[in-house]
Amino acid sequence: MWAALIDVTGSVVVRDVPAARPADGQALIRVGQAGICGTDLKIAAGHIPVTLPRVLGHEMTGWVEIPGRTGTPPAGTAVMINPSTFCGVCHLCRADLSHLCRQGRLLGRDGDGCFAEYIAVDEALLHSIPESVTPDAGALLQVLSTCVHAQSSFGVRPGDSALVIGLGVAGLLHVQLLRERGVHTIIAVTGSPWKQDLARRFGASVVASPTEAADAVAAATGGRGADIAIECAGAPATFTQALRLAGTGATVVMFGLTMGTAETTPYEWYYKELTIRNPRAARPRDYDSAIRLSAEQRVDLAPLVTGRFPLGQLPDALAACADPAQLKVVLDIAERVG
Ligand SMILES: [Zn+2]
Ligand SMILES: [Zn+2]
């Protein structure tokens, strides 16, 4: 089968590799679509070290080719794959934190991923997708699930305001989820006018550039600051900005930032008694919630797919991800059948 992999740090090749074979308890999945994300770019560039050779990719939908031991879901079922493997028996799995499993691995980083025609995965990682989820939406389900997980870490009270900084795919999904949860005052921050337009379409009540953000939050909240602040730009400076623009008693979600060193003032967190959440990956039920939201057309995923490439053009697809005019770049690995 064909797969895109790293043989040598810093370069990606597409070549023939031995066919994926399911172990006991695993199903064989024919991959349909796979999304490319920042983690893939960091692995491809050698910034996240992996054991070589390694097949990239962790955002995927496809069809069951050979079911696992239980026969569920049966052959032909459309599925998405939870890329975070888990053991199911450690203390974290038993505490409903299987996404943090001590033995857990991320497919495409710690094990071979989905930029391949087939992948063998544990049956417990499969989530069936109804027909009402379009192929365009399917490629975004994994990212949506991580946003659903992040938002499950805070409640929404009537009249709450929310700030979303950074409007890539995740930021635009957070805006939609906040709207779905009944938040009316949503301040969305980006320097890019076309992303501001998309954010308005998705439910933002106010859009602002990074330099306008402080005034916009003050005006929209009567000077109180945001009750919920979600940082999606992934820069230390925007995390600092989220802390600053959050109001007293607010929740700050550190969604984009995973690296670097942020300048913060502990007194400010203390004085405002902030709750800081650091969501990582998603739990199985977050995947089911994301699939349901998409199936019921309560979130609009298709406009976020801006680039499509066949598997053989992965190097071009990776290069396209650097283009600021792109949101989600997707690999079409198989045409949809029956
Ligand atoms: Zn990803
Ligand atoms: Zn576990």
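Everything numeric in this text was worked out from a predicted model, so none of it was measured.

Engineer: Tell me about the domain arrangement of the protein chain, and please be specific about residues and values.
Structural biologist: Taken as a whole, the protein chain is organised into domain 1 (2–145 + 282–332) and domain 2 (154–277). Distance from the C-alpha centre of domain 1 to the C-alpha centre of domain 2: 28 Å. On the domain 2 side, the residues contacting the 10 residues of domain 1 number 11 residues. A per-class count over the side of domain 1 that touches domain 2 returns seven nonpolar, no polar and three charged.

Engineer: I'd like a rundown of the sheet that holds strand β13 (residues 246–254), residues and numbers included.
Structural biologist: A sheet is described by the order of its strands in space; here six strands give the open sequence β11-β10-β9-β12-β13-β14, paired in parallel fashion. Whereas interior strands pair on both sides, the edge strands pair on one side only; in this sheet they are β11 (206–208) and β14 (275–277). Strand after strand, the sheet turns through a mean of 15 degrees between neighbouring axes, direction not considered. In this structure, strand β12 (residues 226–231) lies alongside β13, joined through five bridges in parallel fashion. The partner of I230 across the bridge, within β13, is V253.

Engineer: Which residues make up the nonpolar core, and what are the values?
Structural biologist: Counting residues in hydrophobic clusters, the biggest one holds 101 residues, and the most contacted among them are F115, L144, L163, V164, A188, A226 and A229. With seven residues, helix α5 (residues 169–180) is the largest single contributor of residues to this core. Taken together, domain 1 (2–145 + 282–332) and domain 2 (154–277) each give at least three residues to this core, which thus spans both. With sequence-adjacent residues up to four places away left out, A188 is seen in contact with V164, L167, V175, Q196, A199, A204 and V207.

Engineer: So what's going on with the sheet that holds strand β4 (residues 54–55)? Which residues, and what values?
Structural biologist: One open sheet accounts for three strands, arranged β2-β1-β4; its pairing is antiparallel. At either end of the open sheet lies a strand with only one pairing partner, and these are β2 (11–16) and β4. Pairing geometry for strand β1 (residues 2–8) and β4, over two bridges, is antiparallel. Note that in β4 the partner of L5 across the bridge is V55.

Engineer: Run through helix α8 (residues 236–245), naming residues and quoting values.
Structural biologist: Of the positions making up α8, those classed as buried are T238, F239, Q241, A242, L243 and L245. For α8, the secondary structure elements touched by its buried residues are β9 (161–165), α7 (213–221), β12, β13 and α9 (266–272).

Engineer: Residue-level account of the pairing of strand β5 (residues 59–66), with values.
Structural biologist: Pairing between strand β3 (residues 26–36) and β5: seven bridges, direction antiparallel. Following the sheet pairing, L28 is matched in β5 by I66. Looking at chain direction, β5 and strand β6 (residues 78–81) are connected through three bridges and run antiparallel. Bridge pairing in β6 links T61 to M80.

Engineer: Report on the environment of L293, specifying residues and quantitative values.
Structural biologist: Residue position: L293 is located in helix α10 (residues 284–295). Along the primary structure L293 and L144 are separated by 149 residues, whereas in three dimensions their C-alpha atoms are 9.3 Å apart. Setting aside chain neighbours within four positions, we find L293 in contact with L144, R298 and V299.

Engineer: Before we move on, can you summarise the packing of helix α4 (residues 141–151) against α5 with the specific residues and values?
Structural biologist: Here α4 crosses α5 at 55 degrees, and the two axes come no closer than 10 Å. As judged from the angle between their axes, α4 and α5 are oblique. Where α4 crosses over α5, the handedness of that crossing is right-handed. Within the contact between the two elements, α4 uses V143, L144, C147, V148 and Q151 and α5 uses V169, A170, L173, H174 and L177. Split by residue class, the contact of α4 with α5 holds eight nonpolar, two polar and no charged.

Cut-off values and rules
- Residues numbered from 1 in each chain as written.
- Chains lettered and ligands numbered in written order.
- Predicted model: local features only at pLDDT ≥ 70, side-chain atom pairs only at ≥ 80, totals over all residues.
- Domains from an automatic or database assignment.
- Contact = placed C-beta atoms within 7 Å.
- Nonpolar A, V, L, I, M, F, W, Y, C, P; charged D, E, K, R; others polar.
- Pairing = 2+ DSSP bridges.
- Helix = DSSP H or I, 4+ residues; strand = E, 2+ residues; numbered from the N terminus.
- Axes fitted to C-alpha atoms, helices over the stretch in contact; angles between N-to-C directions.
- Core = buried A, V, L, I, M, F, W, Y, C linked by C-beta atoms within 7 Å.
- Buried ≥ 20, exposed ≤ 12 C-beta atoms within 10 Å, placed from the backbone.
- Parallel < 35°, antiparallel > 145°, perpendicular 65-115°, else oblique.
- Left-handed = near helix turned anticlockwise from the far one by under 90°.

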